[in-house]
Amino acid sequence: MVRGPGEVEVHLQVNGESRRTTIEPRVSLLDALRDRLELTGTKKGCNQGACGACTVWVDGRPVLSCLTLAITCENREVTTIEGLSDGDTLHPMQQAFLDCDAFQCGYCTPGQIMSAVALLAEGHAGDDTEIREWMSGNICRCAAYPHIRAAVRRVRDEGGRGDASR
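Reading the values: rules and limits
- Residues numbered from 1 in each chain as written.
- Predicted model: local features only at pLDDT ≥ 70, side-chain atom pairs only at ≥ 80, totals over all residues.
- Heavy atoms only, no water.
- Core = buried A, V, L, I, M, F, W, Y, C linked by side-chain atoms within 4.5 Å.
- Buried < 20%, exposed > 50% of the residue type's maximum accessible area, 1.4 Å probe, protein only.
- Helix = DSSP H or I, 4+ residues; strand = E, 2+ residues; numbered from the N terminus.
- Contact = heavy atoms within 4.5 Å.
- Salt bridge = Lys/Arg side-chain N within 4 Å of Asp/Glu carboxyl O.
- Pairing = 2+ DSSP bridges.
- Axes fitted to C-alpha atoms, helices over the stretch in contact; angles between N-to-C directions.
- Arc of directions from axis to C-beta.
- Disulfide = S-S within 2.5 Å.

Draft legend 1. Quick look at the nonpolar core. In this structure, Leu84, Met93, Phe97, Ile113, Ile148 and Val152 are the most contacted members of the largest nonpolar core, which totals 25 residues. Those elements that place two or more of their residues in this core are α2 (92–99), α3 (109–121) and α5 (145–157). Ranked by residue count, the leading element in this core is α3, at 7 residues. Setting aside anything within four residues of it in sequence, one finds Met93 in contact with Ile113, Ala116, Val117, Leu120, Ala151, Val152 and Val155.

Okay, structure coming up:
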């Protein structure tokens, strides 16, 4: 079945909620989330896949939403930074970023947090060198890297599971 080139209806499962939107098949997941679904926590940094600001999870795995077509995520579970918290209760990594002052301007923070939770889930937080390597796809223009690593260590050391659950 050919879909497009005009707008088509797409079904996305975002943060545990079924969402439908109409987009052209060439629309990125980032633009669908921000512009169509009004989930603006995910940031558009470079729009070329180089900075990591747009990191979200698709089926539990981190992806660069600026390089992912929304239509390819149809009927898959998409998790954004908004999906980590439980109402007013922050995910442990979100709280650790606050407590460890792991952000300056905050622009890269959503992507940093999504990547940090994923690296813990994947078991890649053994030491600072490993954390640095696995977070290397996320650029912080304010250079808050030592604080970001401190936040990851804190969640790791407190037994954080590295997933969206509490």
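Draft legend 2. Inspection of the pattern of salt bridges at higher detail. Across all of its chains, the model carries 12 salt bridges by this definition. Ionic pairing is found between Glu9 and Arg20, a salt bridge with its closest N-O pair at 3.4 Å. Of this pair, Glu9 sits in strand β1 (residues 8–14) while Arg20 sits in strand β2 (residues 17–23); the two residues are 11 residues apart in sequence, bridging distant segments of the chain. Glu9 gets classed as partly exposed once you look at its relative accessible area, which sits at 46%. Residue class for Arg20 comes out exposed when judged on its relative accessible area of 55%. Taking the shortest distance from any N to any O, the salt bridge between Asp59 and Arg76 comes out at 3.0 Å. Placement of Asp59 in the loop between β3 (55–58) and β4 (61–64) and of Arg76 in the loop between β4 and β5 (77–79) is noted, with a sequence separation of 17 residues between them. What makes Asp59 partly exposed here is its relative accessible area of 44%. A relative accessible area of 33% means that Arg76 is categorised as partly exposed.

Draft legend 3. The sheet that holds β5, seen in detail. In space, the 5 strands of this open sheet follow the order β2-β1-β5-β3-β4, with mixed pairing throughout. Both edges of this open sheet fall to β2 and β4, since each of them pairs with a single strand only. Strand-to-strand, the axes of this sheet are offset by a mean angle of 40 degrees, without reference to chain direction. Both β3 and β4 contribute to a ladder of 4 bridges, which runs antiparallel. Across the sheet, Val58 pairs through a bridge with Arg61, a residue of β4. Along the sheet face, α3 touches β3, β4 and β5 and points at about 45 degrees away from the line of β3.

Draft legend 4. Expanded view of the side chain of Thr79. Along the chain, Thr79 falls in strand β5. Contact partners of Thr79, with chain neighbours within four places excluded, come to Asn15, Val56, Trp57 and Met114.

Draft legend 5. Spatial organisation of α2. Within α2, the full set of buried residues consists of Met93, Gln94, Ala96 and Phe97. For α2, the angular spread of the buried residues around the axis is 160 degrees, confining them to a single face. Among the structural elements, α3 and α5 are those in contact with the buried residues of α2. Among the residues trailing α2, Asp101 stands out with phi positive, at a value near 55 degrees.

Draft legend 6. Region of the structure containing the state of the cysteines. Taken as a whole and assessed by the stated rule, the structure comprises 0 disulfides. Here Cys46 stays unpaired: no disulfide links it, and the sulfur of Cys51, its closest cysteine neighbor, is 3.8 Å away.

Draft legend 7. Inspection of unusual backbone geometry at higher detail. Residue Gly4 is joined to Pro5 through a cis peptide bond whose omega torsion reads 10 degrees. By the secondary structure assignment, Pro5 is in the segment before β1. The phi dihedral of Asn75 falls on the positive side, at around 60 degrees, and the residue is not glycine. Within the secondary structure, Asn75 is located in the loop between β4 and β5.

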